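These are the residues of each chain, in order.
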Amino acid sequence: MQHPNRLWIVYLARAALFAAAVVMAVAPMLLATRDIAILTEFLSLLTIAIMWNLLAGYADIVSVGQHAFVGVGAYALFGFAAIAHVDPYLAIPLSALVALVVALPVMVIIFRLRTAYLAVGSWVVAETIMLAAGKLSAFGGGSGISLPVSVVRGFGSRVTERYATIYWIAFAVAALALVATWLLMRSRIGLGLTAMRDNEEGAGVVGVNLIGLRVLCFLWTAPFLGLAGAVITLQKLRVSPPASFSIIDWTVYVIFIVVIGGIGSFEGPIIGTVVFFLIREYLSEIGVWHFIILGVLSIAVVLIEPRGLWGLVRRLLPADVIPISRRRRVRR
Amino acid sequence: MLDLTGLSLHFGALRVLDGLDLKVERGEVLGVLGPNGAGKTTLFNVITGVHRPTAGEIRFEGRVIGRQRSWTRCRAGIGRTFQVPKPFTGMTVFDNVLTAAVHGAGLSFRTAARRAGETLELTGLASRSELEAGALSLLDLKRLELAKAVACGPRLLLLDEIAGGLTDRECGTLLSILTTLREREITIVWIEHVLHALKSAATRLAVLHGGRFIADGAPETVLADPTVQDVYLGAVD
Ligand SMILES: Nc1ncnc2c1ncn2[C@@H]1O[C@H](COP(=O)(O)OP(=O)(O)OP(=O)(O)O)[C@@H](O)[C@H]1O
Ligand SMILES: [Mg+2]
């Protein structure tokens, strides 16, 4: 290795990551309600960012319609919990299932397209699903509807208790997304995806099933996006087409996050989400400017280092902070 | 083993392959010659499924494969190198070859790791195995192309100009690698401009020109053919 002396930085970063995970696991016992709410949003956005990175960064499916699955998850949660009176805790995994089911026909449509056509196609499909959701009168039509108090109570009768419960659900969803996707990347599938990221034609001729992996990635991301949608709904306590299917919140910001953090790396979306929240929390008083800062930062990153902030840092480090290569384990 | 009949590939008005026929028998080392732009690389692209043929039939071990995807053909036993290397730049050299062994040969991680190690040893890349492929020199990238193709465990191996730029000693090493591969009963089709290398390895030569093979047979016969000397050797010298 070129930089054996810098290995301690990698170990330090791993320790910091572990410490952050531990703190986050017990955050409701440490932090004020306002901060817990922000952390809940952080975890939802992190989940969505991990998924968009998998699609766009590895499988070359540059979709700008993934917010559709967040919205579908949101509406499914409302449908099960408020209309069908299913146990609200059961409604959460069911919303993942609904997102997965909706992903099947969507996939059939957008996989006929490539590159820019796929981007436009995915956006059109997402718009259509949102418009359809706005026609559902049981879901408040175009203006949306609040979760009934009885459902909300299910997550805690006092406000602080409810915030903590929803936070832990968001934590569980993000942890599941992170760990499951990490395991995926360490499997033979991840090896193929990384090869595909680097050279599609080269991957094809060494036996990597490009279509199979694309299908798998698309179907992998949908239920996690549905879960994120369910968590977001629990936090906002209502569904509505423009908020639940927000292209700005669940796609545009997510693209900024992944691009700034580092597309096509496991660490990228994590770093990007942290940077995004720092900018949002500390620069939000300057209003729309923080949006412009994000845009300029993304463009700067793309021009200077297409692999994002993580790409810059990774050049100085001898190893990944979250190792994906299994070679050391299989060697013996 | 490989049977091409009436194979054509047109890029718009450009007829790169034009009703070409070729038979490759098991155990052969077929050398393919032809001037620049003759369509040699394109021929490999059609055989491996990078391009769909405009017309004609491709049979591999008796099966029609002309509509199969590139990864299906790889798993069926066709390995290839690219003239312009296509490394997985962000992965280590070892993981590049491991990917081929896992996906191309369908091996478990454990067996694939052993296969990758052996293949890197064979191709002289063992000392580079922990480097990122993006950091390799062109020569090493060509070795990596060979290593990836071999790690797929092919029965038919298509080599596209892997001897260019080698010193005499390196060329000797390459030829001994090819001998090892032949001992593993791998059939080889080798596109090469480095004639002396090709002559010492090939059991048969074929010359591509104008979208078809204009000569095909024993190396001495083909090289002595006046048409071949005209279109190919004349063009090179
Ligand atoms: N994807 C493509 N689209 C359009 N034209 C192409 C494409 N690939 C190759 N060609 C053209 O087909 C012709 C044959 O190219 P090819 O690369 O097969 O030649 P070659 O025999 O391998 O030459 P060389 O000895 O230089 O490697 C060239 O005129 C090339 O420009
Ligand atoms: Mg060529």
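Just above, that's the structure.
Participant: Explanation requested: the packing of helix α3 (residues 93-104) of chain B against helix α5 (residues 138-151) of chain B in the structure shown.
Facilitator: Helix packing geometry: the angle between the two helix axes and the distance between the axes. Residues and elements named next belong to chain B. Put simply, α3 and α5 touch, their axes get as near as 7 Å, and they point 30 degrees apart. As far as their axial angle goes, α5 and α3 are roughly parallel. Seen from above, α3 lies across α5 with right-handed handedness. Contact residues: α3 offers Val93, Asn96, Val97, Ala100 and Ala101, while α5 offers Leu144, Ala147, Lys148 and Ala151. Its residues placed into classes, the contact of α3 with α5 shows 7 nonpolar, 1 polar and 1 charged.

Participant: Hey, could you run me through the coordination of the magnesium ion (ligand 2) in this one?
Facilitator: All names here are of chain B. Those protein atoms acting as donors to the magnesium ion (ligand 2) are Thr41 (OG1) and Gln83 (OE1), and they sit at 1.9 to 2.0 Å. Here the residue Thr41 occupies a position in helix α1 (residues 40-47), and Gln83 occupies one in the loop between β6 (78-80) and α3, the gap between them amounting to 42 residues. On the basis of relative accessible area, Gln83 is assigned to the partly exposed category, the value being 29%.

Participant: What should I look at first to understand the packing of aromatic side chains in this one?
Facilitator: A ring pair, where both rings are aromatic, is described by two values, the distance of the centres and the angle of the planes. Residues and elements named next belong to chain A. Summed over all chains, the structure comprises 11 aromatic pairs over all chains. Ring centres of Phe111 and Phe218 lie 5.5 Å apart, and the angle between their planes is 70 degrees; on these two criteria the pair is classed as edge-to-face. Separated by 107 residues along the polypeptide, Phe111 in the loop between α5 (88-110) and α6 (115-133) and Phe218 in helix α11 (residues 210-236) bring together distant segments of the chain. Judged by relative accessible area, Phe111 falls into the partly exposed class, the value being 26%. Its relative accessible area of 0% is what places Phe218 among the buried residues.

Participant: Help me understand the nonpolar core, please; the structure alone is not making it clear to me.
Facilitator: For soluble globular proteins, the rule of thumb is that nonpolar side chains tend to be buried together. Formed by 126 residues in total, the largest nonpolar core has its most connected members in Leu45(A), Ile48(A), Ile92(A), Leu193(A), Phe218(A), Leu234(A) and Leu98(B). Among the elements that make up this core, the one with the highest residue count is helix α3 (residues 33-58) of chain A (15 residues). Excluding residues within four positions of it along the chain, Leu234(A) makes contact with Leu77(A), Ile92(A), Leu147(A), Phe155(A), Ile166(A) and Ile169(A).

How each quantity is defined
- Residue numbers run consecutively from 1 along every chain, following the written order of its sequence.
- Working convention: letters from A go to chains and numbers from 1 go to ligands, in the order in which they are written.
- Only residues with pLDDT of 70 or above have their local features reported here, since the model is predicted, and side-chain atom pairs are shown and tallied only from 80 upward, although totals for entire chains, interfaces and linings are computed over all residues.
- To obtain the side-chain values, all non-hydrogen atoms of the structure were included, while hydrogens and water were left out.
- To get an axis, a line is fitted to the C-alpha atoms, and for a helix only the part in contact is used. The angle between two axes follows their N-to-C directions and goes from 0 to 180 degrees.
- Under the scheme used here, helices are H or I runs from DSSP no shorter than 4 residues and strands are E runs no shorter than 2 residues, and both carry numbers assigned from the N terminus.
- Note that the term roughly parallel is reserved for angles under 35 degrees, roughly antiparallel for angles over 145, roughly perpendicular for angles of 65 to 115, and oblique for everything else.
- Note on convention: near helix rotated counterclockwise from far helix by under a right angle means a left-handed crossing. Clockwise means right-handed.
- Any two residues having at least one pair of non-hydrogen atoms within 4.5 Å are treated as being in contact.
- Side-chain classes follow a simple rule in which Ala, Val, Leu, Ile, Met, Phe, Trp, Tyr, Cys and Pro form the nonpolar group, Asp, Glu, Lys and Arg form the charged group, and the remainder, Gly included, forms the polar group.
- In this listing, donors mean N, O and S atoms no farther than 2.8 Å from the metal, or 3.2 Å for Na, K and Ca; water is missing from the atoms, so a site can look incomplete.
- Categorising residues by exposure relies on relative accessible area from a 1.4 Å probe, with only protein chains included: less than 20% of the type maximum marks a residue as buried, more than 50% marks it as exposed, and the intermediate range marks it as partly exposed.
- Here the aromatic set is Phe, Tyr and Trp, taking the six-membered ring for Trp, and pairing holds for ring centres within 6.5 Å; pairs whose planes are under 30 degrees apart are stacked, those over 60 apart are edge-to-face, and all others are tilted.
- What we call a nonpolar core is a set of buried Ala, Val, Leu, Ile, Met, Phe, Trp, Tyr and Cys residues that are connected through their side-chain atoms within 4.5 Å.

No statement about biological role is implied by the geometric values presented.
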